[in-house]
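Next come the chains, spelled out residue by residue.
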Amino acid sequence: MNTSILLAHQRRDSFPDASTYRPDRFLGSEVAPNTWLPFGGGVRRCIGAGFSLMEGTAVLREILTRYTFTPSAGNGPERGRVRNITNVPRRGARIAVTSRHSVAQGQSTDPLRVS
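Residues numbered from 1 in each chain as written. Predicted model: local features only at pLDDT ≥ 70, side-chain atom pairs only at ≥ 80, totals over all residues. Heavy atoms only, no water.

**Quick notes on unusual backbone geometry**
Part 1 of the argument: The backbone phi angle of Asp17 is positive, close to 60°, even though this residue is not glycine.
Part 2 of the argument: Inspection of the secondary structure puts Asp17 in the loop between helix H1 (5-9) and helix H2 (49-66). (Helix = DSSP H or I, 4+ residues; strand = E, 2+ residues; numbered from the N terminus.)

As structure tokens, this is what we get:
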């Protein structure tokens, strides 16, 4: 039996307002088993899941202390599309990435397309 990660992440009993992008829903509480499955689940769970979460936290900490990310003008709600086992924005996402050092000096930002 295969688990559909997409369907698990859209369950309204686990995620009220599941279609809204709200990463803060995972803050401040323990995530129930079988509701968030970025590494699969059960006996077939990814062997590198623990290391990946630790490494991802370290990388994000470094990036977020050095750069500021803001949505570019004209970004609005967008439907996702399935890409392999994940969802991505259908038309990509435009963001402005600014060095925190340049923000302090008042330099402008340049949009960056992330897909």
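**Regarding a nonpolar patch on the surface**
Part 1 of the argument: A surface patch of nonpolar side chains, about 510 Å² in accessible area, is lined by Val59, Leu60, Ile63, Leu64, Tyr67 and Phe69.
Part 2 of the argument: Looking at the nonpolar patch, the elements that each hand over two or more residues are H2 and strand E1 (67-71).
Part 3 of the argument: Top contributing element to the nonpolar patch by residue count: H2, with four residues.
Part 4 of the argument: Residue position: Val59 is located in helix H2.
Part 5 of the argument: The exposure class assigned to Val59 is partly exposed, which follows from its relative accessible area of 44%. (Patch = residues over 30% accessible without salt bridge, like charges linked within 9 Å, V, L, I, M, F, W, Y side chains within 5 Å. Areas by Shrake-Rupley, 256 points an atom, 1.4 Å probe, with all protein chains shown as cover. Salt bridge = Lys/Arg side-chain N within 4 Å of Asp/Glu carboxyl O. Buried < 20%, exposed > 50% of the residue type's maximum accessible area, 1.4 Å probe, protein only.)

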